[in-house]
Structure formats: C-alpha cells, structure tokens
Amino acid sequence: MLGRKIISLLIALFTLAAIPASTVWAATPATPGDILIQPLPGAPVIGMPGDTVEIYPAEGVTIQELQIVSILHGPYNLEIVGTENGAVKAKIPENVEPDVYFLAVKSDKGEITIPNGVWVMKKAPTVLKIAHGSDLHVTSGSKMGFVCGDYFQKSLTGILEYCKNPIALHSYTATDSFMTYYGMVGQDGTNVINIILATGDDVDTNGDRRGYELLDETILHATAAGTPFMAVKGNHDHPPKYYNKYVGPSYFYRVIGNFLIIGLDSRGEERHPDMEQLKWMEDVLKSHPDKIPIVFVHHYFWYISRLNGGVVENLTAFDDNDWQQIKKLASWDWVGRNGEYEDIARYFLQMVEKYNVRLVLSGHIHKDKPVLYIDKNGEKHWFYALTTTGAPDKTSNPVSETDKKRGYTKPSWYGSQIIYVYDNGTVEFPYLLRDIFDKDNPVSLPVPQKFIVFRQDGEDGTAVKFINELGKSISGPIALQIPAGAKVDPQATNITYTVLGEKEIGGTYYMLLNVTVPEGISQIAVVKEADTKAPEVKVGYLSPSKPKPGKAFKVYISASDNVGIRDMKVQIISDGKVIAEYPAFSMKPAEVSATYFTEVPGVDASEFTIKVIATDFYGNTGETTYTVGGTAKTTTPTTSATESTTESATQGTTGSTCGPAALVGLALVPLLLRRRK
C-alpha cells in the first residue's frame, strides 16, 4: 500500500516538473474583443482619406496608438484627435491609398492587429454590390457534407451513388472558399461585388473559441485581398460568449456613401429583435433620412410555405385589417405561434414601409426564399433568405428517401448570392441561375459548391489546391499566409500568377498575388525550397474495429506533412488485386497534421488489406497498409519522394517535457500494480 502511494506521489511530482515554467506564467494573448468593442473583423469602420472615424475601446482600456496597414500599403498612423461618448476619434491621413486595412492597436492592456479593421474608400459606390453568404457554421470539429457537380449529400455513402470522386466540404473549407472567391472577384477589375455580408450562424457552436479563430482566418483571406466584410449573429452564435470578442457587436449600423446598412440581432432562440433594438433602429433611420436602407438579420420574416408565389402586395402594416392578413404570412419566429410577438413584427414591417427599406437579407432556413413585398404605395421591398453557405444542409440534392420521410422535398446545396442595390433604391439580382421565384430548385449561385479552395499552411511552406467547376477561369487577388522567406515555386504551380506584394503584419508574413484559376483542378505552392519530404501516414483505427463481410465501415487515418497533403485515397486489396478505391477526407482541413477518414460501403471478404496513399503538392507519397482478418493485423508504413531521398516527414520535438501519452501511461502504473496484486 505504501509503495503504491509513493509511486503515485512520484508520478504527480514528475507531472508537475514536466510542465514548462513559461506555460504557467505566460499571459493569455489578447483577443480583439478584449481591446475593442468595434471595429472588429465582422464590423469594420469606414471612411475616406482625411475622414475622422470612431474607435470604441473595451471597458477599462486606454488606446495609446492606432495604425492601419495592408499587404500593399502603409503602415499609416491614425492621429487620435479626441474622445467623445466613449469613442476615440481618429483621423485617416490624407495620403492613404484606398484599401481594406488591418487595424493595429496599442493599448495599456496589450496590442492586437485586427483584419478588416478599417475600410478606406476612394469614393462612395453608386451601386452597392453585395455578396450574400449565410449559415457558415464554421467549426473546429468535423462538420461536413459531400458534393459532386450539382449533387450534394450529407453522407459519403450517399454521394458515392452519384460520383466516384466526391469532394468533402468541411464548414471551414466551404466558408474559406466563399471568402476567397468573393475576395478575388471583388477586386478583379470588373467590379462584380464591393462588400460581403453574412447573415448569421457564423460559427456552429457559440462556445467554440477555435471555431471563431478559424472564422477570422477566412475573413482575413477575403479582406486582405481587398474586399470588406460584415456579419450579424445567428442563433448558433448566441449567447455571444465569443462572438463579441472575435466578430463584432450584436447589432450596429454603417454608412457607405448613399447607403445605410443596419445589422440586427435576432437573439438566438428568441428568433427576432426586441422592441428596444427596433426603437434603436428607428432612431438610426430617422437620423439618416437621405440614405438607402438595407437591413440584415438572421431569422427570416416570412413563412414561405404559406405564400402563393413569392409576392405579397397591396397591403400595409399600418392598416389593422391588412395586418390580419399579413401576420398569417409572417414567420412564427417573428409573430409567435399564437401572435405573442406580433407587435414586434408589425413595428418592424411598418419601419420597412415608412423608411423605405429596400432590402432585408436573412438566413436560418437553409433555403433560397425570396419575397417581394409591395406596399399600398407601390414601393418594393425585397426580402431574401439564402441557403447555407458553409454547412451540410437539411435537404440533399437529389432529395434522399430519408429526407422525404422527414418532410423535405426540395433539393438544396451550398450557395451564395449577388445582389445589387442602386442609389435610386432599385434592387437587382444580376446573376440568377433561374427564375428567382422557382420553388423547386436552388436559385443561389454554386459558390462554394463548384469553386473550392483547400489551403494547407505547413512549417516549410503554404500550398493551395483549387477545384473550379464554374465553367470558366476565375481571376483576381488572393492573400496567403506564408513562412518567412518562402517564394512561389513555378515547378509546383500550374496557375497563372503575379506576386503583387509581401509584408509582415502582426507577426505573420503575407503574400498577395493576382492569380487566374483555370477550370478543373490546379494548385500553387509557396515554399522555402522544393519539397522532398513525403507525408507521414498511418491507419489509426476502423469503426467497427472488425468489419463484417458486406457491411459498411469507416477508416480513420493519421497523417501529416511539412507543406501540406493534396490528396488522400484508400484502396481495398484482395488476393493481390485492388478491388475498390475511395477518397479520404481531412476532419480538420485547416491543419497539416490531422485525422482523415473514409467510409467503405462493404467488402465481400473476411480477409483483405487496406492500403492508404497520401500525396503532397510535390507528388511525394506516403503509404501504409492495414490487414483485416487472418491471424493478425499489420501496419507497414512506407514513403517515397520525387528525388532520391526516401526520408519520411517526421514531427520534431523540442524541450524536455514528456508528451501526454507518456503521462497517461505513467498515471496507469498504480492501477496496473493494483490489478496485478
């Protein structure tokens, strides 16, 4: 007994000694919301050269210096000219080049660098060209669906019925593809869009701090390329445990020339703004009488299935009899199942009419649902709900039998939309795939469904794989985070590119390129030197661990690389022959060391071999085999490289601390002794 106590004490002391002192005393890095209330990555401040803008510090924070910088321009110091009502007033220098800038803040509580902090315009737009995304659902977990052309299925086995080489769209990959695409076309010289708006459920779980960090990465990729971004909360972002620290305030407004954008908070499961917020909204509308109002809010106003077509007309929320008709068409989210919130819904629609709100953007329902509300004065007010941009949808395409049993009959996909609002109030949908009121098919654009970007940021380089199925090449700027000293390797790049600039910002190196992404699959690699290291790969486990003949099972694979893994596939080998092959997909696609998986529909044999092949961006391959059945399972990892070396990529370790596995193993010693006794 005494011996076990001594061993336990030694283990505890060893564990404490193994913790580096720096991790005990290191200060937690400041998050954007620790220093500022706004601007934040989802709510930039906007101005022109020479304008004075307002910066709101967090409570108890004193701002000491402000600076703006982009990959191509700056840094420029912002002169602090005073404070008023808690806001720091800062002047944009007259000589600032128009761009979307990082905002670097020095304060008494720490220093932060915020992407999309300040949007400096050359001149105000006469047409506000919006790229609308919604329900991004970015997660640090493994939420993903599977696509192949127009097809979309929530399960891998479902999509394999239609396609041998499907593509996995993790919510991070889908969101980053959306951001990258509109960052490119927003600055490609054709002025397709000039701002991105996201209507909530930006992250899948409100407590997923890493998810918000990943979201900010995707925002950076669009805004560092020159296209600004704004977002509002959804029910998945509520309560805003991290939202107000990483994205923006719960509700806010911005003026862009002749346009007034108001972002509302529908407050999670309350599913609509409260009266206090709507009165704030009316104050904002009253104080900007000469602007064209645009509202974006997560929960949709209309109950779409009750509408005959997509038009509600010749009614007004100011008439009691008309309101009785309108409230039957409004969503329960806004009026309540028993009309308990109808005063809020009615007040909102009255403001839409009174102040001539031209466009209300929403999400939540994961469907493309437009409604044109024409009031009794003949004024047109567009309401548009968008399908999900970043999450596996509620309905597949084609609609599965399971979906039909659940009452879902209309197909869907990952999508986004482009909407133009003119300074005379006209609203236009210039790139519709079909009639906007088509009830049976998606009317949104297939981005990211058909334009997919896989980024890999390794210690020795950065690589990007593009899948472009839009039927044309796509050109424009793209921002990459790179290791210091890395350069584009033409030998591992098959897209047209021009390096526009490089800069270190906030301790990270960035490169801005103008690229042309052709149709099909292509790539770019930015590395310190040509990569000759092969990926490291091994089979982790099967689920179930002992597959039965003819029954589906999953294969989980551990893989890593120094630059990035481009492709992963799993072969089934029986009697020395490859009888089937399946793609495998990363569960954390933003990381170069991750778990991959695939699902095998079944193997009609009790003994067979699983062979995994991982290929990096230089064609180096790492392979491993795993035997199922027979007298033993065996794992035989092998690697090969493009040059003479066959050295496999390994993860280096530094310091003298033991890893978690060692600590866990030591902690089990007393239990093992007890069991032996």
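Residues numbered from 1 in each chain as written. Predicted model: local features only at pLDDT ≥ 70, side-chain atom pairs only at ≥ 80, totals over all residues. Heavy atoms only, no water.

### Some points on the pairing of strand E18 (residues 292–296)
Quick note on the threshold: Burial status follows relative accessibility: with a 1.4 Å probe on protein chains alone, a residue under 20% of its type maximum counts as buried, one over 50% as exposed, and anything between as partly exposed. The helix and strand labels rest on DSSP assignments: H or I over at least four residues marks a helix, E over at least two residues marks a strand, and numbering proceeds from the N terminus. Only when DSSP finds a minimum of two bridges between them are two strands counted as paired. With strands facing away from the observer, any crossover in which the path from the first strand over the helix to the second runs clockwise is taken as right-handed.
Burial runs high along E18: five of the five residues are buried. Alternating residues of E18 divide into Ile292, Ile294 and Phe296 and Pro293 and Val295, and every residue in both groups is buried. Strand direction decides the pairing type here: strand E17 (residues 259–263) and E18, joined by five bridges, are parallel. By the bridge assignment, leucine 260 is partnered in E18 with proline 293. In this fold, the crossover linking E17 to E18 by way of helix H8 (residues 275–287) has right-handed handedness.

### Brief notes about the state of the cysteines
Throughout this description, disulfide means a covalent bond between two cysteine sulfur atoms. Heads up, the rule is: Whenever a pair of cysteine sulfur atoms sits within 2.5 Å, that pair is classed as a disulfide.
Applying the stated criterion across every chain yields a total of one disulfide. Between the sulfur atoms of cysteine 148 and its disulfide partner cysteine 163 the distance amounts to 2.4 Å. Residues cysteine 148 and cysteine 163 are joined through a disulfide that is right-handed, its torsion about the S-S bond being 75°. With a gap of 15 residues between them, cysteine 148 in strand E11 (residues 144–148) and cysteine 163 in the loop between helix H4 (156–159) and strand E13 (167–170) connect regions that are remote in the sequence.

### Topic: the sheet that holds strand E19 (residues 311–315)
Selection criterion: Every axis in this analysis is a line fitted to C-alpha atoms, fitted for helices over the stretch in contact. Angles between the N-to-C directions lie between 0 and 180 degrees. The contact criterion used is simple: two residues touch if any of their non-hydrogen atoms lie within 4.5 Å.
An order of E16-E17-E18-E20-E22-E21-E19 is seen for the seven strands of this open sheet, with the pairing classed as mixed. In this open sheet, the two strands that pair with only one neighbour each are strand E16 (252–256) and E19. Shown here is a sheet whose adjacent strand axes are inclined to one another by a mean of 15°, direction ignored. Taken together, the four bridges between strand E20 (residues 359–362) and strand E22 (residues 380–385) define a ladder with parallel strand orientation. The residue of E22 that forms the bridge with serine 362 is alanine 385. Set on the sheet, H8 makes contact with E16, E17 and E18; between it and E17 the angle comes to about 170°.

### A look at the pattern of salt bridges
Threshold: Any Lys or Arg side-chain nitrogen found within 4 Å of a carboxyl oxygen on Asp or Glu counts as a salt bridge.
Inspection of the entire model under this criterion finds 26 salt bridges. Here arginine 210 makes a salt bridge to glutamate 213, at a shortest N to O gap of 3.4 Å. Of this pair, arginine 210 and glutamate 213 are both found in helix H6 (residues 209–223), three residues apart, which corresponds to roughly one turn of the helix. Owing to a relative accessible area of 29%, glutamate 213 belongs among the partly exposed residues under this scheme. For aspartate 320, the salt bridge is made with arginine 346, and the minimal N-O distance between the two is 2.8 Å. In this pair, aspartate 320 sits in helix H9 (residues 320–329) while arginine 346 sits in helix H11 (residues 342–354), placing the two residues 26 residues apart along the sequence. A residue is classified by how much of its surface remains accessible, and arginine 346, at 18% relative accessible area, is buried. Through salt bridges with shared partners, a single ionic network connects Glu54, Glu84 and Lys89.

### Describing the packing of aromatic side chains
Spelled out, the test is: Stacked, tilted and edge-to-face are the three classes assigned to paired rings of Phe, Tyr and Trp, where Trp is represented by its six-membered ring and a pair needs centres within 6.5 Å; plane angles under 30 degrees give stacked, over 60 edge-to-face, the rest tilted.
Summed over the entire model, instances satisfying the criterion amount to 29 aromatic pairs. Taken together through their ring pairs, the aromatic side chains of Phe301, Trp302, Trp334, Phe348, Tyr373 and Phe383 make up a single cluster.

### Some remarks on the packing of H9 against H11
Just so we agree on the cut-off: Each angle gets one of four labels, with under 35 degrees taken as roughly parallel, over 145 as roughly antiparallel, 65 to 115 as roughly perpendicular, and the rest as oblique. Gly counts as polar in this scheme, as do all residues outside two lists: the nonpolar Ala, Val, Leu, Ile, Met, Phe, Trp, Tyr, Cys and Pro, and the charged Asp, Glu, Lys and Arg.
Two elements in contact, H9 and H11, have axes separated by 11 Å at closest approach and are oriented at 110°. Our classification of the angle between H9 and H11 gives roughly perpendicular. Of the residues in H11, those touching H9 at Asp320, Trp323, Ile326 and Lys327 are Glu342, Ala345, Arg346 and Leu349. Within the contact of H9 with H11, the residues separate by chemical class into four nonpolar, no polar and four charged.

### Some thoughts on the sheet that holds strand E8 (residues 99–107)
Overall, mixed pairing links the five strands, which are arranged E2-E9-E8-E4-E5 in an open sheet. With one partner strand each, in any of the chains shown, strand E2 (45–47) and strand E5 (76–77) form the two edges of the open sheet. Pairing geometry for strand E4 (residues 63–69) and E8, over six bridges, is antiparallel. Following the sheet pairing, isoleucine 63 is matched in E8 by serine 107. Sheet contacts for H6: E8 and strand E9 (110–120); angle to E9, the most-contacted strand, approximately 45°.

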